[in-house]
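Examining the three-dimensional arrangement
Chain residues, written in single-letter form:
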Amino acid sequence: MKVAKFGGSSVASGAKIAQVINILNNDNKRQVVVVSAPGKRSKSDTKVTDLLIKYANLTLRKQNCEKIQAQIYARYAEIGKYFDLSMQGLNEIKALINDLPTHTFPNRDYLMAAFKAHGEFLNAKLLTMIMKKQGFKVRLLTPRQAGLVVTGSPNDASVNPETYVNLRNLELDPTEKIIFPGFYGISPSGNIATFSRGGSDITGAILARGFTAELYENFTDVDAIFSANPAIVSHPQPISKMTYREMRELSYAGFSVFHDEALIPAIQAQIPVNVKNTQHPERPGTMIVPETNFKAQHTITGIAGGKNFAALYLHKYLLNKGAGFTLKILQILDQHKVAYEHMPSGIDDITIIFKKEDLNAELIDQICNEIQVSLNPDQMQWIDDYAITMVVGEGMRDKLSLCASILYPLGQKNISIQMINQGASQISIMIGTRRGDAEEVIRTIYQTFFN
Ligand SMILES: Nc1ncnc2c1ncn2[C@@H]1O[C@H](COP(=O)(O)OP(=O)(O)O)[C@@H](O)[C@H]1O
Ligand SMILES: N[C@@H](CC(=O)OP(=O)(O)O)C(=O)O
């Protein structure tokens, strides 16, 4: 049995959904189907999830919602009409959209989560109606019916382990396809909570583990995962096979094609993941596989970059001798519930790297003030535009001159390196630069190793 997840770009229009149905029809093993909300039909289009966020905000501000309700409904109506769906089915979808503000929610965050989740819920409902009309044996299965339980914050939830027990107890009929909405689960108190953005990938992986699938197929709008983001490097090489560990590092650092948290359930159950193109399902795509017996084909597998970081640089002589320096920093961060991403350090220096989305100006000032009072560093600098480039490859182990090969061409281009970190993971090197240099860093490293 296979779990097939179709991303927003693959379910954005009637024509795209017709292709999804073809793909499902071509392989009976594609038994569990996870769908995202309709995504962008063109570069300038808006994802339904973003329309729903706008709708939630208008509702919270008690403003008129008629226009946004019509805009959201139009996306589903366009798909329904492509398949000549009855008005009765479409009216059901319209009512579900328009009734959202009449529900009660424990707080604003749960309201936001429930509005967002309707993007995938309504799309799964629509696809089920369409496929039933075409004579397929299909069933809509929702996270509530399946027992997909999540905990944590309502808009950045994590799967609860009891989900796997619940999924294992469900009987799947091999002659029937299950259509499952991605992106959300149900909290212990019965409220809708979503994963972070792009989280339908996580749903697919949870179901693959829960139903012990032989393969998790992740259908998207590119032929494969490329060794660099195609928006930065033109025509980058596709990666035919990579390990879970490589993908984790690359997706964390910016390969948005696959959510970095989505690999965890697949790894736990050792289920291979195949990223494929919905428009060209015959192409092999990228296989993401366990590390055991993996033979690296190249030194470097991929180069990823994330620009939305900030860093706090601290310098204090004999920092390495003073007990508790790092502990005090962590305590201050913990008091403000701020997580750090990386903390490379030297004998007298330490850099703490944060995701910008976790901070605001007031919080930055509070943290810096407390560090100044508590640790009295000789130098403290807040670097607001920080980018991280990650060079990743199983083939990088024990390659002694690799750092020099990466850094020399960057030096030739006068790119200033703020930080380099190698070692914690033997298969990656992390490079910190100013945001303005980030894309040139990726292009330069790509040219060095792939051209
Ligand atoms: N290294 C990479 N390889 C392939 N695609 C990448 C890479 N880095 C970023 N992307 C982007 O990821 C996009 C696919 O992810 P996403 O938009 O989330 O798809 P979906 O709508 O299927 O969930 C591609 O269109 C591409 O622009
Ligand atoms: N629709 C949600 C969840 C998701 O996974 O979407 P996509 O498959 O389009 O990345 C989002 O936009 O975040």
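About the cut-offs
Residues numbered from 1 in each chain as written. Chains lettered and ligands numbered in written order. Predicted model: local features only at pLDDT ≥ 70, side-chain atom pairs only at ≥ 80, totals over all residues. Heavy atoms only, no water. Pairing = 2+ DSSP bridges. Helix = DSSP H or I, 4+ residues; strand = E, 2+ residues; numbered from the N terminus. Axes fitted to C-alpha atoms, helices over the stretch in contact; angles between N-to-C directions. Contact = heavy atoms within 4.5 Å. Near = heavy atom within 4 Å. Polar contact = N/O pair within 3.5 Å; in protein donor to acceptor, adjacent residues only side chain to side chain. Nonpolar A, V, L, I, M, F, W, Y, C, P; charged D, E, K, R; others polar. Areas by Shrake-Rupley, 256 points an atom, 1.4 Å probe, with all protein chains shown as cover. Salt bridge = Lys/Arg side-chain N within 4 Å of Asp/Glu carboxyl O. Buried < 20%, exposed > 50% of the residue type's maximum accessible area, 1.4 Å probe, protein only. Phe/Tyr/Trp six-rings, centres within 6.5 Å; stacked < 30°, edge-to-face > 60°. Lys NZ or Arg CZ within 6 Å of the ring centre and 35° of its normal.

1. A few points about the sheet that holds strand β3 (residues 138–140)
The strand order β3-β6-β2-β1-β9-β13-β14-β12 describes an open sheet built from eight strands, whose pairing is mixed. Looking along the sheet, the strands with just one partner apiece sit at the ends: β3 and β12 (241–243). For this sheet, the mean angle separating the axes of adjacent strands, direction not counted, is 20 degrees. The pairing of strand β1 (residues 2–6) with strand β9 (residues 215–220) spans five bridges and is classified as parallel. Note on β9: the bridge partner recorded for Lys5 is Asn218. Sheet strands touched by helix α5 (residues 108–133): β2 (30–35), β3 and β6 (177–181). Its angle to β6, the strand with the most contacts, is close to 155 degrees.

2. What to know about the site of ligand 1
The immediate surroundings of ligand 1 are formed by 17 residues, with Gly8, Ser9, Thr220, Asp221 and Phe226 found nearest. Note that an oxygen atom of ligand 1 is positioned 3.3 Å from one of the backbone N or O atoms of Gly8. Between ligand 1 and Ser9, the relevant distance is 3.0 Å, taken from an oxygen atom to a side-chain nitrogen or oxygen of the residue. Among the secondary structure elements, those contributing two or more residues to the shell around ligand 1 are β9 and β10 (225–226). Its residues placed into classes, the shell around ligand 1 shows nine nonpolar, six polar and two charged.

3. Here's the deal with unusual backbone geometry
Look at Asp84: it is not a glycine, yet its phi comes out positive at around 55 degrees. For Asp84, the location among the structural elements is in the loop between α3 (66–82) and α4 (87–98). Phi at Asn293 takes a positive value of approximately 60 degrees, unusual for a residue other than glycine. Looking at the secondary structure, you find Asn293 in the loop between β14 (286–289) and β15 (302–315).

4. Examining the site of ligand 2
Inspection of the region around ligand 2 gives Lys5, Gly7, Gly8, Ser36, Lys47, Thr49, Glu120, Phe183, Arg197, Gly198, Gly199 and Ser200 as its neighbouring residues. The contact in question runs from an oxygen atom of ligand 2 to an N or O atom on the backbone of Gly8, over 3.1 Å. In the complex, 90% of the free accessible area of ligand 2, which totals 340 Å², lies under the protein chains. Residue classes in the shell around ligand 2 are distributed as one nonpolar, seven polar and four charged.

5. Section: the pattern of salt bridges
One pass over the structure, following the stated rule, counts 20 salt bridges. Between Asp201 and Lys5 there is a salt bridge, and its shortest N-O distance comes to 2.8 Å. A residue pair is termed long-range when its members are at least 10 positions apart, and Asp201 in helix α8 (residues 200–210) and Lys5 in strand β1 qualify at 196 residues. In this structure, Arg139 engages Glu176 in a salt bridge whose closest nitrogen and oxygen atoms are separated by 3.1 Å. Note that Arg139 is positioned in strand β3 and Glu176 in the loop between α7 (162–168) and β6, a separation of 37 residues in sequence. The exposure class of Arg139 is partly exposed, given its relative accessible area of 31%.

6. Structural notes on the packing of aromatic side chains
On inspection of all chains with the given rule, the structure shows seven aromatic pairs. Ring geometry for Phe6 versus Phe219: centroids 4.7 Å apart, planes at 10 degrees, classification stacked. Residue Phe6 is located in strand β1, and its partner Phe219 is located in strand β9; the two are separated by 213 residues in the primary sequence. The exposure classification of Phe6 matches that of Phe219, with both residues buried. Here the aromatic cluster, defined as three or more aromatic residues joined through ring pairs, consists of Tyr55, Phe105 and Phe115. The ring of Tyr73 is capped by Lys94, whose NZ or CZ atom sits 4.8 Å from the centre of that ring. The ring centre of Tyr164 lies 3.7 Å from the NZ or CZ of Arg209, which sits over that ring.

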